[in-house]
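Geometric and topological summary
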Amino acid sequence: MKEFLIAGNWKMYKTKAEARAFAEELKAMNLPNASSVAIMAPFTQLDTLVEAFKGTGIKVGAQNVHYEKEGAYTGEISVDMLKEIGVDYCVVGHSERRQYFGETDETVNRKLKVLIDAGITPILCVGETLEQRNQGMPQIVIGNQLTHDLAGLTEDEVRHLVIAYEPIWAIGTGVTATPEQAADMCGFISGMIEGLFGEVCMSRVKILYGGSMKPENAEELLSQPSINGGLIGGASLKVDKFAEIAIEADRLSKL
Ligand code: 13P
């Protein structure tokens with residue numbers, strides 16, 4: 001039986017009131033696979049969601065963290081602060097953070113370490129630009145990102161990761177990778193984890209696809225053997241669309 005993770009990434013959307021309303025609607029749907037569902041929310045909405053989802057199994061995650069334990073880092077949030085709120089996940093290395101906020105493979109690597117130490121599951125994002133894909137080298141780009149992002153991590157640490165393959169050209173564009181392209185790259189990532197950390201580790205690491213996933217394409221993407229779920233941006237902002245994807249994953253997990 002395939003275990004999926006269906007994770008919404010709200011990015012910089014939703015106020016506290018909107019988050020609360022979304023949570024109430026989602027809870028009312030009584031998703032059959034609630035514990036395989038998670039929402040990555042803005043920092044200021046995390047406590048609201050943790051509180052609202054208490055007892056439902058639905059998980060909550062942050063979208064970023066700082067790699068130092070504490071210190072003079074104005075505007076940053078530490079792993080202990082996230083832990084205190086009770087989040088289960090944290091997105092690391094999203095392409096928007098790499099592109100607009102100077103996230104590097106080195107900072108990604110440090111963030112992964114502090115999160116794993118704290119028992120928060122990182123969702124590590126990797127992905128190539130359209131230019132890189134057109135030059136025929138998505139594997140080289142993803143291979144490089146993974147090698148640097150995971151540098152110095154042990155097999156025991158890496159098995160706690162979720163990795164999201166998010167081709168940059170498919171994020172927020174409405175253009176989805178074809179199921180074959182997505183499956184190919186998720187399979188490549190899986191093979192790399194096996195090569196670097198062994199088969200047991202590979203079998204534990206969930207690999208998600210992200211990039212314009214929506215109810216209309218969820219089945220063909222999620223039914224690919226190498227894809228264990230989705231990191232969903234736009235479609236996670238509407239409770240009915242998000243729930244539809246989660247319900248589809250539940251159906252596929254029982255086939
Ligand atoms: P979209 O689903 O809006 O393309 O966003 C994907 C994404 O970046 C999730 O992290």
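Before going into details, it helps to say that this report is about the structure given with it. Remember, it's a predicted structure, so these values are computed and weren't measured experimentally. (Residues numbered from 1 in each chain as written. Predicted model: local features only at pLDDT ≥ 70, side-chain atom pairs only at ≥ 80, totals over all residues. Heavy atoms only, no water.)

Per the secondary structure count, the protein chain includes twelve helices and eight strands. Taking 2.2 N^0.38 as the reference for a compact globule, 255 residues should give roughly 18 Å; the C-alpha atoms of the protein chain span a radius of gyration of 17 Å, in line with that estimate. For the C-alpha atoms alone, the extent of the protein chain along its principal axes is close to 50 × 45 × 35 Å. Within the protein chain, buried positions represent 54% of all 255 residues. With an accessible surface of roughly 11,500 Å², the protein chain has 51% of that area assigned to carbon and sulfur atoms. Counting 24 positive and 35 negative side-chain charges, the protein chain places the averaged centre of each group 4 Å from the other. (Helix = DSSP H or I, 4+ residues; strand = E, 2+ residues; numbered from the N terminus. Rg over C-alpha atoms; globule rule 2.2 N^0.38 Å. Buried < 20%, exposed > 50% of the residue type's maximum accessible area, 1.4 Å probe, protein only. Areas by Shrake-Rupley, 256 points an atom, 1.4 Å probe, with all protein chains shown as cover. Lys, Arg positive; Asp, Glu negative; His and termini not counted. Charge placed at Lys NZ, Arg CZ, Asp CG, Glu CD.)

A few words now on the environment of Asp-88. Here Asp-88 shows up in the loop between helix H3 (79-85) and strand E4 (89-92). When the C-alpha positions of Asp-88 and Ala-62 are compared, they lie 8.4 Å apart, and in sequence the two are 26 residues distant.

In spatial order, the strands read E1-E2-E3-E4-E5-E6-E7-E8; together these eight strands close into a barrel with parallel pairing. Pairwise comparison of adjacent strand axes, ignoring direction, gives a mean angle of 25° for this sheet. Of the pairings in the sheet, the one linking strand E5 (residues 121-126) to strand E6 (residues 162-165) comprises four bridges and is parallel in character. Across the sheet, Ile-123 pairs through a bridge with Val-162, a residue of E6. Contacts between helix H9 (residues 179-197) and the sheet are confined to E5, E6 and strand E7 (206-210), with E6 contributing the most and set at about 145° to the helix. Its contacts with the sheet put helix H12 (residues 239-253) on strand E1 (5-9), strand E2 (37-40) and strand E8 (229-232), and the angle it makes with E1 is roughly 165°. (Pairing = 2+ DSSP bridges. Axes fitted to C-alpha atoms, helices over the stretch in contact; angles between N-to-C directions. Contact = heavy atoms within 4.5 Å.)

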